[in-house]
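Letter by letter, the chains look like this.
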Amino acid sequence: MTLFEKLTASAKANPQRIVLPEGTEPRTLTAADRIIADGLAQIILIGDPEEITKMAKELKLENIDKATIINPADEKVIDRYAPLFFELRKKKGITMEEARLTTANPLYLGCLLVKAGDADGQVAGAMNTTGNVLRAAFQVIKTQPGIDVVSGAFLMLLPEGVNFGTDGILVFADCAVVPDPDARQLAQIAVSAAQTARDIAGIEPRVAILSFSTKGSARHERVDKVIEASSIAKEMAPDLIIDGELQADAAIVPGVALTKSPNSPLSGRANVLVFPSLEVGNIAYKLVQRLGNVQAVGPVLQGLAAPVNDLSRGCFPEDIYKTIIMTCNQAIGLKSNH
């Protein structure tokens, strides 16, 4: 059974309520129709009901009438959710009128549904920038307890016969969000990536925080940051198998680990690789993807109190379909952890 077959089975066994705030977008509607047909989630579309119905007919979609459709211009909807947004942001000086205007923004309304417990996760970004998707999530859903940084992980699905990671899966983080994390942020990224490994990859995490140094082989302030991050991460999650600073080969090749880091609890069998900066992580995942014929799934946003995932504006319906399935599994994992 492939990773996506496992994720699909999990979503089907425990359907989650997923908000799609770009409810009038054709690719989004196509993916939503398929999700509903496959029985994988309860879909909530935000948009003008007439426009959604018209678009569904044009696309010859047969299941959109089974989705819940919420009109962001409906005054009753604004009346219900604007007070929640006002409470969340009143210390920032927001007025109720401003709260009502913001609540009518589908990205914010979707997050407010999640915050109010009326939905379990949100998927957006086919029409909106990453910045706008994240801003709504930060302001409404906020981060998990003990975490104040949102980061992005990729699941790297290795070709058959390549024996790294676990079952051919490695998790790379952060490859999408935080340009230059400090030691505390890097530790939080490591702990969040371990949760992603459990909730989405279905593997027990073994986390390596990477550097150009292995156990003191080089001295530099950037090495010091990784050492400090490793220490903080161990305090945050004492039950987690985690080590750093490690070079990449010492993290994933048992023979190299035996020479370079013989006392590492990872023994060269890491399945979660945490990079010291976004620059390194982004370059690494793209090189591995292209040179190694590796499927890169993501980015999965991690660290939020409820899952919100961002799409590329160049995405295909298949990408949205898979992202909804991953978001369902994140929601299931978050609930089981609390």
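Notes on the structure follow. Note that the coordinates shown come from a computational prediction; the quantities given were computed from them, not determined experimentally.

## A look at empty space enclosed by the protein
Logical step 1: Inspection of the entire model under this criterion finds one cavity of 30 Å³ or more.
Logical step 2: Estimated volume of the largest cavity: approximately 120 Å³.
Logical step 3: Lining the largest cavity are 13 residues, with Q144, Q195, Q302, G303 and Q330 sitting closest to its centre.
Logical step 4: Among the elements of the structure, α8 (183-201), β10 (295-302) and α13 (317-337) are those that each provide at least two residues to the lining of the largest cavity.
Logical step 5: Tallying contributions element by element places α8 first for the lining of the largest cavity, with four residues.
Logical step 6: Considering only residue class, the lining of the largest cavity consists of five nonpolar, seven polar and one charged.

## Re the pairing of strand β2 (residues 41-46)
Logical step 1: Among the six residues that make up β2, five are buried, leaving the element largely enclosed by the rest of the structure.
Logical step 2: In this sheet, β2 lies alongside strand β1 (residues 16-20) in parallel orientation, the contact comprising five bridges. Counted as the bridge partner of Q16 is A41 from β2.
Logical step 3: After leaving β1, the chain enters helix α2 (residues 26-38) and then returns to the sheet as β2, a path that is right-handed.
Logical step 4: Where β2 and strand β3 (residues 68-70) come together, three bridges link them in parallel fashion.

## Brief notes about the nonpolar core
Logical step 1: Counting residues in hydrophobic clusters, the biggest one holds 64 residues, and the most contacted among them are I43 and L45.
Logical step 2: Considering every element that reaches this core, the biggest residue donor is α8, with 11 residues.
Logical step 3: In this structure I43 touches I18, L20, A32, I35, I36, A67 and T68, once residues within four positions along its chain are discounted.
Logical step 4: Grouped together as the second largest cluster of nonpolar side chains are 29 residues, V19, V77, Y81 and A306 included.

## Quick notes on the pairing of strand β6 (residues 169-173)
Logical step 1: β6 sits mainly inside the fold: five of its five residues count as buried.
Logical step 2: Burial along β6 is two-sided: the residues I169, V171 and A173 and L170 and F172 are all buried.
Logical step 3: In this structure, strand β5 (residues 151-157) lies alongside β6, joined through five bridges in antiparallel fashion. Residue pairing in the sheet places M156 in a bridge with L170 of β6.

## Regarding the sheet that holds β3
Logical step 1: Pairing within the open sheet is parallel, and its five strands lie in the order β3-β2-β1-β4-β11. Two strands lie at the open edges of the sheet, namely β3 and β11 (308-310), each paired on one side alone. Strand-to-strand twist of the sheet, defined as the mean angle between neighbouring strand axes without regard to direction, takes the value 25 degrees.
Logical step 2: With respect to the sheet, α2 is in contact with β1 and β2, its orientation differing from that of β2 by roughly 155 degrees.

About the thresholds
Residues numbered from 1 in each chain as written. Predicted model: local features only at pLDDT ≥ 70, side-chain atom pairs only at ≥ 80, totals over all residues. Heavy atoms only, no water. 1 Å grid on protein atoms, 1.4 Å probe; cavity = no way out; pocket = protein on both sides within 12 Å on 5 of 7 lines; lining within 4 Å. Points joined across faces, edges and corners; volume = space filled by probe spheres on them. Helix = DSSP H or I, 4+ residues; strand = E, 2+ residues; numbered from the N terminus. Nonpolar A, V, L, I, M, F, W, Y, C, P; charged D, E, K, R; others polar. Buried < 20%, exposed > 50% of the residue type's maximum accessible area, 1.4 Å probe, protein only. Pairing = 2+ DSSP bridges. Right-handed = clockwise from strand over helix to strand, strands pointing away. Core = buried A, V, L, I, M, F, W, Y, C linked by side-chain atoms within 4.5 Å. Contact = heavy atoms within 4.5 Å. Axes fitted to C-alpha atoms, helices over the stretch in contact; angles between N-to-C directions.

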